[in-house]
Amino acid sequence: MPSSLKREGCLGDRLRVLHVDTASTWRGGEAQVLLLSQGLQSRGHQVGIVAQPGSLLAERARGAGLVVYPLRMRGEGDLWALLKLSRLISGFKPHILHLHTSHAHTLGLLAAMLSPGPKLVVSRRVDFHLRRTPFKGFKYGSGVKRYLAVSRRIRDVLIEDGVEPQRVEVVYSGLDLAHLQIGDGDRWRRKLSIGPDGFLVGNVASLAPHKAQTYLLQAAQEVLSKFPKVRFVLVGEGELAGELRREIRDLNLEGKVILTGFQRDMASLYAALDLFVLSSYLEGLCTSLLEAMFYGVPLVATRTGGIPEIVEDGVNGWLVPPRDAEALARAIKRLLIDRELAQRFSTQGKIMVRKFGIQETVRKTEEVYQKVLKG
C-alpha cells in the first residue's frame, strides 16, 4: 500500500465501495480505478473491484492487495453479466456502487434495480456529447446520484445534455506522485538508434479516432522534411493500429514513426522523450499529459476538452487547434529550435503537476460519497 495514501482525516464511518470497470485494456481510466481503490482502502474503507477476467486491472488490483471479482462482461446488454453483478451487489452490500465505463454505467444501473440498496456514482472521463437514444432518459436519470467529471469541460457537456448541475461534480484525475519511478531513457534511445543529437517525440494514447494520431503523422512528415534526425513513437493500442500502420507506409514514414503497442515500463519511455505531443480532437483530461509533466517533458497539445485546464498556452506548453496538422508541425519545429523555451515548459510543467496528486482525488471522491449518503 503506498505510504503516501495512508489514512489521514478520513470522513465519517467505514464505507463499502464496489467499483465496476468493463474495459479489457489498460488505459488511463483503469489506472485511476486502481489508484482510487488503493487510496480508499488505505483510508479505512472496504473496497471491491469488478473487472474483466485476465485484465491488467484485475491483475494489478489483486497484486496491490485489493479484493477483485472477475466477471466477464460482454457489453451493456449482457444478461448473464447483469444477473451475476446483481448477486455480487447482494453479497457485498456496498454503500456506493461506483461505475467507471459506459457499459458499467448501464449494467450497474440495471443490476442495482435487481439488488437495491447502493447509491450509484458514475465517473465520466470523456467529453463526448450524450447519444440521443430512447434509453438516454433512463440511463442518465435520477438513478445515478452523482457524476464525477474529470474536468470542467466534461461537467459543462453533461449539463448541456440535460443532466442536472447538482448531480455533476468535478474531481480531477490524479497521479501517485510519490511513487512514480524514474526510468532508464537511454535504453529506449539505444533501441531506437537515437544518437546524442537526435530528438524523440512521443504520443501516449489509445489508437482510437478521437485521439487523432493521423494528424500527428501528417505533422511528422512536415517536421521530418526539415529535421530528418527526429523520430516519433506512438505508444498504445486500439482499433486504429492497422490503419495507422498503413498511413505510416503511405507517407514513407517507416523507421521514422514507430508504433510500440502497449508498454509496461512507461517511466523509461517518458525519460527518453524530448517532446510529448497530444493530437486529440476530443479529450477528457488525459493523465498521459500529467505524466509527461511529472517527467519534465515539454508539451504540445490540442486546445480541446479539459486540456486547457492543465496546459496553459505559452507557459507550460503549446496549445494548437485540433485537427490541424500544420499547427502541430509548427509547434514541434519551434520547440526543436528553441531549447530554452522547451526547458521553461519543462520546469513549469513540473510545478503544475503538483496540483494533481492522487491524494486530492481520493479526498474529493470520498467527500462526494459522504454527500450522496447524507442525501
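Reference entry: report on the structure contained in this document. (Residues numbered from 1 in each chain as written. Predicted model: local features only at pLDDT ≥ 70, side-chain atom pairs only at ≥ 80, totals over all residues. Heavy atoms only, no water.)

**Regarding the overall build of the protein chain**
Helix and strand counts for the protein chain stand at 14 helices and 13 strands. In terms of overall dimensions, the protein chain is globule-like: its C-alpha atoms have a radius of gyration of 21 Å, near the 21 Å expected for 375 residues. Seen along its three principal axes, the alpha-carbon backbone of the protein chain occupies a region of about 65 × 45 × 35 Å. Counting over 375 residues, the protein chain shows a buried share of 57%. Charged side chains of the protein chain number 53 positive and 38 negative; the gap between the two group centres comes to 5 Å. (Helix = DSSP H or I, 4+ residues; strand = E, 2+ residues; numbered from the N terminus. Rg over C-alpha atoms; globule rule 2.2 N^0.38 Å. Buried < 20%, exposed > 50% of the residue type's maximum accessible area, 1.4 Å probe, protein only. Lys, Arg positive; Asp, Glu negative; His and termini not counted. Charge placed at Lys NZ, Arg CZ, Asp CG, Glu CD.)

**Describing the sheet that holds strand 2 (residues 46–51)**
One open sheet accounts for 7 strands, arranged 3-2-1-4-5-6-7; its pairing is parallel. What marks the edges here is a single partner per strand, and that holds for strand 3 (67–70) and strand 7 (168–170). The mean inter-strand angle of the sheet, taken between neighbouring strand axes irrespective of direction, is 25°. In this structure, strand 1 (residues 16–20) lies alongside strand 4 (residues 96–99), joined through 4 bridges in parallel fashion. From the neighbouring strand, V20 faces strand 4, where its bridge partner is L99. Its contacts with the sheet put helix 4 (residues 102–114) on strand 1, strand 4, strand 5 (119–124) and strand 6 (144–149), and the angle it makes with strand 4 is roughly 155°. (Pairing = 2+ DSSP bridges. Axes fitted to C-alpha atoms, helices over the stretch in contact; angles between N-to-C directions. Contact = heavy atoms within 4.5 Å.)

**A short note on the sheet that holds strand 9 (residues 230–235)**
Read from one edge of the open sheet, 6 strands run 10-9-8-11-12-13, paired in parallel fashion. Of all the strands in the sheet, just strand 10 (257–261) and strand 13 (318–320) have a single pairing partner and so form its edges. Recorded for the sheet is a direction-independent mean angle of 20° between the axes of neighbouring strands. Two strands pair when backbone bridges link them, and strand 11 (residues 275–277) and strand 12 (residues 299–302) are joined in this way by 2 bridges, in the parallel orientation. Following the sheet pairing, V277 is matched in strand 12 by V300. This element, helix 8 (residues 213–226), spans strand 8 (199–204), strand 9, strand 10 and strand 11 of the sheet and lies at about 170° to strand 9.

**Here's the deal with the packing of helix 8 against helix 9 (residues 241–250)**
Each pair of packed helices can be summarised by the angle the axes make with each other and by the distance between the axes. Two elements in contact, helix 8 and helix 9, have axes separated by 11 Å at closest approach and are oriented at 15°. By the criterion of interaxial angle, the relationship of helix 8 to helix 9 is roughly parallel. When the axes of helix 8 and helix 9 are compared, the crossing they make is right-handed. Facing Q213, T214, L217 and Q218 of helix 8, the residues of helix 9 in contact are L244, E247 and I248. (Parallel < 35°, antiparallel > 145°, perpendicular 65-115°, else oblique. Left-handed = near helix turned anticlockwise from the far one by under 90°.)

**Here we look at the side chain of N316**
Along the polypeptide, N316 turns up in the loop between strand 12 and strand 13. From its side chain, N316 meets the backbone nitrogen of E312 in a polar contact 2.6 Å long. In contact with N316, not counting residues within four places along its chain, are M293, L299, I310, V311, F345, Q348, G349 and M352. (Polar contact = N/O pair within 3.5 Å; in protein donor to acceptor, adjacent residues only side chain to side chain.)

Shape descriptors only; they carry no functional weight alone.
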